[in-house]
Amino acid sequence: MLKERRKYIGVFDSGFGGINILRGIVKELPNYNYIYLGDTARTPYGTRSKEVVYDFAKQAVDFLFAKNCGLVIFACNTASSDALRKIQQEYLPKRYPGQKVLGVLVPAAEEASAKTHTQRIGVAATEGTVQSGAFIRELKKINPRTKIFQNACPLLVPIIEEGEQDSEAARLILKKYLAPLIKKRIDTLILGCTHYGIMERQIKAIISKEIAIISEARVVPKKLRDYLKKHPEVEQGISRHGTIKFYTTDLTEKFTKLGSKFFGKKIDAQKIILS
């Protein structure tokens, strides 16, 4: 009798930011098997066209389903904004009928809508996510009266990818990016890029204590737990051995060092090529 292959929850990001999401998911749901894929060779995604992001997202989906993932999470707001709907509506029905790919954008929008009292929500995100208008679309679906103020923060991902998030230069750049949102009298701030959660401490030091911060590293794990409860047909297909595998498109000492820091313990990764 053939032994049943283990099934995983796949977590995909353009770089290191998704490791912070995975850390939260593993803390919330420690018994499941996970595969993390970071496309570090081609990060950042935020400045790329929708067509390119969609192609990269398809390659990630192909890889993770080939690795026997029963569910894939786009822990990347740019991919969630620019590619997720097309993946769900066009690519999966043709190539992987019955398979599921989820994003991080909707859970963040739902949490922000629940937290705000003034319906004035700020979004700090990549250029691609801001230009897509995805957060505006999802927040307006929940409450059409919500006022959304966005600001692109293109330098934050490179800063975090270099491990310079604690530098004085990073603080000054962050302060410049947050200033326009603070001036709009927001009461809730969505960190609309998975990388940005890594700088939450620095963000808290700049903004008012009255502004609620929506970090996907906290929101997504709880939403995933709820999703699995509501979809036992998916949950029952995921193996429970506590196995975690890491893959990257550019295996460097930096990936191992920063990835281990963001995950909270040492990680070992394998290099792969997406095509």
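Structure's up top.
Below is a summary of the structure that appears in this document.

Observations regarding the environment of Tyr96
- Secondary-structure assignment places Tyr96 in the loop between helix H4 (84-95) and strand E4 (100-103).
- Those residues within four positions of Tyr96 in sequence are excluded, and the remaining contacts are Val61, Asp62, Phe65 and Tyr91.
- Side-chain polar atoms of Tyr96 contact the side chain of Asp62, separated by 2.6 Å.

Here's the deal with the side chain of Thr146
- Its location among the elements puts Thr146 in the loop between helix H7 (134-142) and strand E6 (147-152).
- You can call Thr146 buried: its relative accessible area is 2%.
- Ignoring anything within four residues of it in the chain, the contact list for Thr146 reads Gln119, Ile121, Leu139 and Lys140.

Section: unusual backbone geometry
- Following Thr43, the chain continues into Pro44 via a peptide bond in cis, with omega recorded as 0 degrees.
- If you trace the backbone, Pro44 turns up in the loop between strand E2 (34-38) and helix H2 (50-66).
- With a phi close to 70 degrees, Asn68 is a non-glycine residue in the positive phi region.
- Assignment of secondary structure puts Asn68 in the loop between H2 and strand E3 (69-74).

With respect to the packing of helix H5 (residues 105-115) against H7
- Between H5 and H7, the least distance of the axes is 9 Å, while the angle of their chain directions is 50 degrees. Classified by the angle between their axes, H5 and H7 sit oblique to one another. Judged by the twist between their axes, the crossing of H5 over H7 is right-handed. On the side of H5, the interface is formed by Leu105, Val106, Ala108, Ala109, Glu110, Ala112 and Ser113, while H7 contributes Ala134, Phe135, Glu138, Leu139 and Ile142.
- Residues belonging to the contact of H5 with H7 are distributed by class as follows: nine nonpolar, one polar and two charged.

Quick notes on the packing of aromatic side chains
- Applying the stated criterion across every chain yields a total of 10 aromatic pairs.
- For the ring pair Phe16 and Phe262, a centre distance of 6.1 Å and an interplane angle of 80 degrees mean the geometry is edge-to-face. Of this pair, Phe16 sits in the loop between strand E1 (8-13) and helix H1 (17-28) while Phe262 sits in helix H13 (residues 253-263), and the two are 246 residues apart along the sequence.
- We classify Phe16 as buried; its relative accessible area is 1%.
- The ring of Phe56 has Arg42 lying over it, and the distance from NZ or CZ to the ring centre is 3.6 Å.
- Positioned over the ring face of Tyr54 is Lys86, at 4.4 Å from the centre of the ring.

Considering the pairing of E3
- With six of six residues buried, E3 lies mostly within the body of the structure.
- Sheet topology places E1 next to E3; five bridges connect them, and they run parallel. Residue pairing across strands places Phe12 opposite Phe74, the latter belonging to E3.
- Sheet topology places E3 next to E4; four bridges connect them, and they run parallel. Directly across from Leu71, in E4, lies its bridge partner Lys100.

Rules behind the numbers
- Residues numbered from 1 in each chain as written.
- Predicted model: local features only at pLDDT ≥ 70, side-chain atom pairs only at ≥ 80, totals over all residues.
- Heavy atoms only, no water.
- Helix = DSSP H or I, 4+ residues; strand = E, 2+ residues; numbered from the N terminus.
- Contact = heavy atoms within 4.5 Å.
- Polar contact = N/O pair within 3.5 Å; in protein donor to acceptor, adjacent residues only side chain to side chain.
- Buried < 20%, exposed > 50% of the residue type's maximum accessible area, 1.4 Å probe, protein only.
- Axes fitted to C-alpha atoms, helices over the stretch in contact; angles between N-to-C directions.
- Parallel < 35°, antiparallel > 145°, perpendicular 65-115°, else oblique.
- Left-handed = near helix turned anticlockwise from the far one by under 90°.
- Nonpolar A, V, L, I, M, F, W, Y, C, P; charged D, E, K, R; others polar.
- Phe/Tyr/Trp six-rings, centres within 6.5 Å; stacked < 30°, edge-to-face > 60°.
- Lys NZ or Arg CZ within 6 Å of the ring centre and 35° of its normal.
- Pairing = 2+ DSSP bridges.

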